[in-house]
Each structure stands twice: as C-alpha cells, then as structure tokens.
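Spelled out, the chains give:
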Amino acid sequence: AQRVTQPEKLLSVFKGAPVELKCNYSYSGSPELFWYVQYSRQRLQLLLRHISRESIKGFTADLNKGETSFHLKKPFAQEEDSAMYYCALISGSARQLTFGSGTQLTVLP
Amino acid sequence: DAMVIQNPRYQVTQFGKPVTLSCSQTLNHNVMYWYQQKSSQAPKLLFHYYDKDFNNEADTPDNFQSRRPNTSFCFLDIRSPGLGDAAMYLCGTGQGGSYEQYFGPGTRLTVT
C-alpha cells in the first residue's frame, strides 16, 4: 500500500531564510506526487506537482526516486507562506490521493 | 465562481444519532471524494464516486455511507456516530483522468 510521510509537524523559519519541507513516500508503481497547501481559513488547494517541474510562488519540488523523496523548497521564505502543507501521492483510475500528515510552516518576521 | 460547497460548516450531533453532511459542486466534475481528517492527521479517503459508481475504501467502517443523486451533489451519511467520528470531513472533486482535486471548506463534526 502507498504511504506518504512528512516527518515534521511544525516548522518555523525567519523571513528571507531558506525553507525545506520534507516528504518521503512508498509506492510500488511509478509515483505521481503533489504538494497541497491550506492557508488559514482557506480550503485545501494544489500548490504544485512533480511532473510539471515548475516553480509556484517560488516553491519547487524535485522527485528523487532513489531516496523516495519529494521535498518542497523555497530559497527565501515570506510571511505569506505560513500555512499547512500536505504532500500527496495519486493512484488509481479515479486519481485518489494519499496524503501525508502535513507540516505547519510558520514564517517569522 | 465554480466551486465546491459543503453544508453545514459545523455540525453537532449526539452519540448514535444519524447525521448527513452535504457537498455540492458547480465544476461538473465526474468524480467526488469524501475524506475524513482527524486532528493533526492526514486527510484519509473514505470513498469516492466515479460518475455513478461507488468505490469504498477497504478500511472505511460500515457506519459510513454515501449517496450521489446527481452529478452536482454527494452526501455522507453516518448512521450511528460515535465519539471517534468527530473530525473534519472534506469533500473533493476531480475530473476523471485529470490530476487536480478541488476541495470544499470542510464540515467539522462534533459528537456529544
């Protein structure tokens, strides 16, 4: 069965500092991985997916199959990045999501 | 705006008293999902509808049922809520074959 692990429940960094949110997965097939974000009082929404290899709001994530990781990175954190971040893996014909338990990122002024 | 709507946002029910949570969408997506999220835990998929086909996750308790009368609406029925069913319930939608899911704001269920 697939599993997504986010080892850090809480992460605090200062504004302008680099940030990395860790995600590891286990999946028998070829994984499709995503980062979802939930800002305060807002709904869960897609941030980025590994296939697109694009940068969204300054965030990037690289799939490392050897280490089974999909860490989310941003070189200079902003206060508006404070949110809950979920790493997720998609599977099945209906594209079901398996989520990690989330990391609450706080960017301090 | 096209969106996913969940009603009510907060629901209080008594132990053992049936409760229904509602989700509607204006995105015309053919897949609708229900997730349960307990405090400090990952959202966990309970079941989904792919068009009219109902798909239950293997570990979803029988106490949880769902109905999808049409494309736009999907309901989560909890037949006999226990204290352990208190959680946030998220409704998501997606278009079959596409990767992105869209979520409602969630319904927070309290069981007294």
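As the structure is a computational prediction, the values presented were derived from the model and not from experiment.

Topic: the overall build of chain A
- From N to C terminus, chain A includes 0 helices and 11 strands.
- Each helix (α) and strand (β) of chain A, taken in turn from the N terminus, gives the series β-β-β-β-β-β-β-β-β-β-β.
- The C-alpha atoms of chain A give 13 Å as radius of gyration, which agrees with the globular expectation for 109 residues (13 Å, within 12%).
- Counting only C-alpha atoms and orienting by the principal axes, one finds that chain A spans roughly 40 × 30 × 25 Å.
- Residues classed as buried in chain A amount to 46% of the 109 residues present.
- In chain A, once contacts between residues fewer than 6 apart in sequence are set aside, the share between residues at least 24 apart is 58%.
- Here chain A has roughly 5,500 Å² of accessible surface; of this, 50% comes from carbon and sulfur atoms.
- Between the mean site of the 13 positive side-chain charges and the mean site of the 9 negative ones, chain A shows a separation of 6 Å.

Criteria and thresholds
- Residues numbered from 1 in each chain as written.
- Chains lettered and ligands numbered in written order.
- Predicted model: local features only at pLDDT ≥ 70, side-chain atom pairs only at ≥ 80, totals over all residues.
- Heavy atoms only, no water.
- Helix = DSSP H or I, 4+ residues; strand = E, 2+ residues; numbered from the N terminus.
- Rg over C-alpha atoms; globule rule 2.2 N^0.38 Å.
- Buried < 20%, exposed > 50% of the residue type's maximum accessible area, 1.4 Å probe, protein only.
- Contact = heavy atoms within 4.5 Å.
- Areas by Shrake-Rupley, 256 points an atom, 1.4 Å probe, with all protein chains shown as cover.
- Lys, Arg positive; Asp, Glu negative; His and termini not counted.
- Charge placed at Lys NZ, Arg CZ, Asp CG, Glu CD.

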